[in-house]
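Residue strings, one per chain:
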Amino acid sequence: MFKKIRKGRGQQTLLNLAIALLCAMIIFLAGIEQTDNYAGCVTVAVLLQYFIIAAFMWMLVEGFLQYLRFVKVLGTYIPGFMWKACVIAWGVPLVIVVIMVAIDYEKYKGGESYCWMSEHYFFYGFLLPICLILLTNSIIFVRIIKSFTCDSNKELRSNQSQRVVAMRQLWAAAALVFIMGLTWTFGALAIGGARVIFQYMFCIFNSAQGFVIFLFMMLRDKQVQTSWRELLSCTTPHKHTRKSNPDTNSHSKTDSSRLRSADKPGSSKFVPAGGSHVVRQSTTDEMVDCSQL
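Residues numbered from 1 in each chain as written. Predicted model: local features only at pLDDT ≥ 70, side-chain atom pairs only at ≥ 80, totals over all residues. Heavy atoms only, no water.

Another aspect to go through is the confidence of the model for the protein chain. Averaged over every residue, the pLDDT of the protein chain is 76; residues scoring 70 or more account for 72%. Confidence over residues 250-254 falls short of pLDDT 50; this stretch has three contacts with residues more than four positions distant or in other chains. (pLDDT = per-residue confidence, 0-100. Contact = heavy atoms within 4.5 Å.)

Here it is in structure tokens:
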């Protein structure tokens, strides 16, 4: 279902991001405390590292798409974009994990109560690539906000009031913070005396990431709303009635009476008066074609 929606590169990027996050969450909930089995614990740590970095790579791809949408605007077509994005977003984390495992796989049993990597591996194999991605997305975010506020061609954007435009920009900025993974910055800042504060902020904002993505990228998306209406209308026939023009009601009644009289034997053939025409009211049962959903 929804074939038209899945064809867009933005929707495909969002789908891959959701898959990476879903796999990371399932592995975390199911295996983070499975320390009894050494091989299983190492496997959990390796898979967690891979899927979390892959999720951040897809957030980087999402940030690049938002840059094309809000900043560059023109000349944004890239041949084979999704194939290139898949190779980079799924391939780079795999390269990182393979290199780390090849160096020393025993570093992936980070503690007695959880399955993760050692502190040394954590900084170079996990925190460093994630911080680079967050830094890149932060630069892209600042550039997008600048295009919102400092664009010299504001008059070309919309004929709506400045308040409406400002509110839309504010909502877009809030959505970008979550979509581009900038809320994870609070986790990177959870050090020193402010650790507890940033840990709370990280938990609050990061737990809302999935909901915000669903809200802005699904519920508020016009194309998604239209596709759902078409899908739901497939199960119920809709009656469409074409109403006649009120100005021609009198002509329609007169013409109808003339037609009835013309059918009688001996009556002359009816010829409509100049400029008048018969408007017939018809009711048809139509079903929306669901083959394209």
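It is worth spelling out the side chain of Gln209 at this point. For Gln209, the position within the fold is in helix α9 (residues 209-219). Classification of Gln209 as buried rests on a relative accessible area of 5%. Discounting residues that sit within four places of it in the chain, Gln209 has contacts with Leu21, Met59, Phe178, Gly181 and Trp184. (Helix = DSSP H or I, 4+ residues; strand = E, 2+ residues; numbered from the N terminus. Buried < 20%, exposed > 50% of the residue type's maximum accessible area, 1.4 Å probe, protein only.)

The contact between helix α2 (residues 9-31) and helix α4 (residues 81-103) brings their axes to 11 Å, and the two run at 20°. As judged from the angle between their axes, α2 and α4 are roughly parallel. The two elements α2 and α4 cross, and the hand of that crossing is right-handed. Counted together, Arg9, Gln12, Thr13, Asn16, Ile19 and Ala20 of α2 and Phe81, Met82 and Trp90 of α4 form the full contact between these two elements. Taken together, the residues of the contact of α2 with α4 break down into five nonpolar, three polar and one charged. (Axes fitted to C-alpha atoms, helices over the stretch in contact; angles between N-to-C directions. Parallel < 35°, antiparallel > 145°, perpendicular 65-115°, else oblique. Left-handed = near helix turned anticlockwise from the far one by under 90°. Nonpolar A, V, L, I, M, F, W, Y, C, P; charged D, E, K, R; others polar.)

Moving on, we get to the side chain of Glu62. Assignment of secondary structure puts Glu62 in helix α3 (residues 38-72). Glu62 has contacts with Gly10, Thr13, Leu14, Ile179 and Met217, leaving out every residue within four places of it along the chain.

A few words on the nonpolar core. Counting 49 residues, the largest nonpolar core has Leu17, Phe56, Trp58 and Tyr108 as its most contacted members. Among the elements of the structure, α2, α3, α4, α5 (119-149), α6 (162-179) and α9 are those that each provide at least two residues to this core. It is α3 that contributes the most residues to this core, 19 residues altogether. Every residue in contact with Phe56, bar those within four places of it in the chain, is listed here: Ile130, Ile133, Leu134, Gly181 and Trp184. The next biggest cluster of nonpolar side chains, apart from the first, holds ten residues, and it includes Ile140, Phe141, Leu176 and Leu182. (Core = buried A, V, L, I, M, F, W, Y, C linked by side-chain atoms within 4.5 Å.)

Here we take up the packing of aromatic side chains. Summed over all chains, the structure comprises 13 aromatic pairs. Here the aromatic residues Tyr50, Phe51, Trp58 and Trp90 are joined through ring pairs into a cluster of three or more. (Phe/Tyr/Trp six-rings, centres within 6.5 Å; stacked < 30°, edge-to-face > 60°.)

Residues Arg168, Arg220, Lys222 and Arg229 make up a contiguous surface patch of positive charge. Residue position: Arg220 is located in the loop between α9 and α10 (222-233). (Patch = residues over 30% accessible without salt bridge, like charges linked within 9 Å, V, L, I, M, F, W, Y side chains within 5 Å. Areas by Shrake-Rupley, 256 points an atom, 1.4 Å probe, with all protein chains shown as cover. Salt bridge = Lys/Arg side-chain N within 4 Å of Asp/Glu carboxyl O. Lys, Arg positive; Asp, Glu negative; His and termini not counted. Charge placed at Lys NZ, Arg CZ, Asp CG, Glu CD.)

As a further point, take a nonpolar patch on the surface. Together, Phe123, Tyr124, Leu128 and Leu132 give the surface a local cluster of nonpolar side chains, amounting to about 420 Å² of exposed area. Assignment of secondary structure puts Leu128 in helix α5. You can call Leu128 partly exposed: its relative accessible area is 44%.

This brings us to the layout of surface pockets. Within this model, the second largest pocket holds a volume of roughly 1,200 Å³. Around the second largest pocket, the lining comprises 32 residues; the ones closest to its centre are Phe122, Phe126, Trp184, Gly187 and Phe202. The set of elements that each furnish at least two residues to the lining of the second largest pocket consists of α2, α3, α5, α7 (185-188), α8 (195-207) and α9. It is α5 that provides the largest number of residues to the lining of the second largest pocket, a total of seven residues. The class makeup of the residues in the lining of the second largest pocket is 23 nonpolar, seven polar and two charged. (1 Å grid on protein atoms, 1.4 Å probe; cavity = no way out; pocket = protein on both sides within 12 Å on 5 of 7 lines; lining within 4 Å. Points joined across faces, edges and corners; volume = space filled by probe spheres on them.)

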